[in-house]
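Coordinate analysis (summary)
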Amino acid sequence: MRFDDGDGHSLALQIEAGKLARLELPLVGAPGRQWLVTVLPRRAGGSADYDVALSAVRPATAADSARIAAFIAYADAERLRRANIREGALVARDAAAIEKARAQYQVAVDQGTSANDGCGLRRARIGLSRLDVGLGNYAQGREEARAALAVANCEGDFAEQAQAAKTDAMAAAYEGDFAASVEAHETALAAYRKSGDRF
């Protein structure tokens, strides 16, 4: 997904949560500003179904500014994580880029908390969890995944809940805690069933 504001600023983000994944972004600008939102399937030649919904236009708030800062930091962190850590593949790792990704995830967590944006907070914690699991920091990754699942003010984001539980399950298995891994997989499976996705 790519967002362009018409003034040369753009953000790109690949969503990996699965069916019914949700992404919310406040678009702030002067009256009449046009935004270009481009949605593409993840694989060339693939297809995807999506819905785009816009709320009523209203004056921007301080919470909107915090949500925008959180989203920009999250998109940057995801880009850096994806460039340096690939699940199931060896890639060259840039230590400075990985630390910047961690810092950007933390900005997204802090700004999401400030804006009371539970869904953005859950996404940021999932990203931080995946970063740590990819680096072999399994205990820390599990802690972040469980924190993502514990976010209270985001309803109906079953795909993201499943992604958090699946990350917890993977990290638990790497640690050799197979009972916890099975339990987390069951949590993921229940969320995937609610979304209509296959595990």
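As the structure is a computational prediction, the values presented were derived from the model and not from experiment.

To continue, consider the overall build of the protein. Across its full length, the protein holds six helices and three strands. Start at the N end of the protein and walk to the C end: the helices and strands fall as β-β-β-α-α-α-α-α-α. The globule rule puts the C-alpha radius of gyration for 199 residues at 16 Å, and the 17 Å found for the protein is close to it. Projected onto its principal axes, the C-alpha positions of the protein cover 55 × 40 × 40 Å. Residues counted as buried form 37% of the 199 residues belonging to the protein. Partitioning the intrachain contacts of the protein with sequence separation of at least 6 by distance along the chain shows that 67% fall at a separation of at least 24. With the model as given, the accessible surface of the protein reaches about 11300 Å², and the carbon-plus-sulfur share is 53%. Here the protein contributes 25 positively and 27 negatively charged side chains, and the mean placements of these two sets differ by 3 Å.

Bringing the packing of aromatic side chains into the picture now. Overall, the coordinates contain two aromatic pairs when judged by the stated rule. The side chain of Arg123 reaches across the aromatic face of Tyr74, ending 6.0 Å from its centre.

Glancing now at the pattern of salt bridges. Per the stated rule, a full pass over the model turns up 14 salt bridges. Several salt bridges converge on common partners, so that one network encompasses Arg142, Arg146, Asp168, Glu175 and Asp177.

Moving on, we come to the environment of Ala63. Note on placement: Ala63 falls in helix H1 (residues 62-84). Of the residues examined, Ala63 reaches a relative accessible area of 33% and is grouped as partly exposed. For the pair Ala63 and Asn84, spaced 21 residues apart in the sequence, the C-alpha separation amounts to 31 Å.

A few words now on the packing of H1 against helix H3 (residues 118-134). At a minimum axis separation of 10 Å, H1 and H3 run at an interaxial angle of 20 degrees. One finds that H1 runs roughly parallel with respect to H3. For the crossing formed where H1 meets H3, the hand is left-handed. Contact residues: Tyr74, Glu78 and Arg81 in H1; Arg123, Ala124, Gly127, Arg130 and Leu131 in H3.

Moving on, we get to the environment of Asp132. Structurally, the position occupied by Asp132 is in helix H3. For Asp132, the contacting residues outside a window of four places in its chain are Arg102, Asn137, Gln140 and Gly141. Within the local environment of Asp132, its side chain forms a polar contact with the side chain of Arg102, the two groups lying 2.8 Å apart.

One open sheet holds the three strands; their spatial order is E2-E1-E3, and the pairing between them is antiparallel. Each edge of the open sheet is held by one strand with a lone partner, namely strand E2 (10-12) and strand E3 (36-38). Ignoring which end each strand starts from, the neighbouring axes of this sheet average 10 degrees apart. In terms of strand pairing, strand E1 (residues 2-4) meets E2 through three bridges, oriented antiparallel. Paired with Asp4 across the bridge in E2 is Ser10.

Leu13, Tyr74, Tyr105, Ala108, Ala124 and Leu131 are the most contacted members of the largest nonpolar core, which has 17 residues in total. At the level of elements, H1, helix H2 (95-114) and H3 are the ones that each hand at least two residues to this core. The leading source of residues in this core is H1, at five residues. In terms of nonpolar packing, the next biggest core, distinct from the first, is built from five residues, Ala162, Ala165, Ala188 and Ala191 among them.

Applying the stated criterion to the full structure yields one disulfide. The disulfide partner of Cys119 is Cys154, and the S-S distance across this bridge is 1.9 Å. Handedness of the Cys119-Cys154 disulfide follows from its S-S torsion of about 95 degrees: it is right-handed. Taken together, the residues span a long stretch of sequence, with Cys119 in helix H3 and Cys154 in the loop between helix H4 (138-149) and helix H5 (158-175) at a distance of 35 residues. Since its relative accessible area comes to 8%, Cys119 is described here as buried.

The rules behind these values
- Residues numbered from 1 in each chain as written.
- Predicted model: local features only at pLDDT ≥ 70, side-chain atom pairs only at ≥ 80, totals over all residues.
- Heavy atoms only, no water.
- Helix = DSSP H or I, 4+ residues; strand = E, 2+ residues; numbered from the N terminus.
- Rg over C-alpha atoms; globule rule 2.2 N^0.38 Å.
- Buried < 20%, exposed > 50% of the residue type's maximum accessible area, 1.4 Å probe, protein only.
- Contact = heavy atoms within 4.5 Å.
- Areas by Shrake-Rupley, 256 points an atom, 1.4 Å probe, with all protein chains shown as cover.
- Lys, Arg positive; Asp, Glu negative; His and termini not counted.
- Charge placed at Lys NZ, Arg CZ, Asp CG, Glu CD.
- Phe/Tyr/Trp six-rings, centres within 6.5 Å; stacked < 30°, edge-to-face > 60°.
- Lys NZ or Arg CZ within 6 Å of the ring centre and 35° of its normal.
- Salt bridge = Lys/Arg side-chain N within 4 Å of Asp/Glu carboxyl O.
- Axes fitted to C-alpha atoms, helices over the stretch in contact; angles between N-to-C directions.
- Parallel < 35°, antiparallel > 145°, perpendicular 65-115°, else oblique.
- Left-handed = near helix turned anticlockwise from the far one by under 90°.
- Polar contact = N/O pair within 3.5 Å; in protein donor to acceptor, adjacent residues only side chain to side chain.
- Pairing = 2+ DSSP bridges.
- Core = buried A, V, L, I, M, F, W, Y, C linked by side-chain atoms within 4.5 Å.
- Disulfide = S-S within 2.5 Å.

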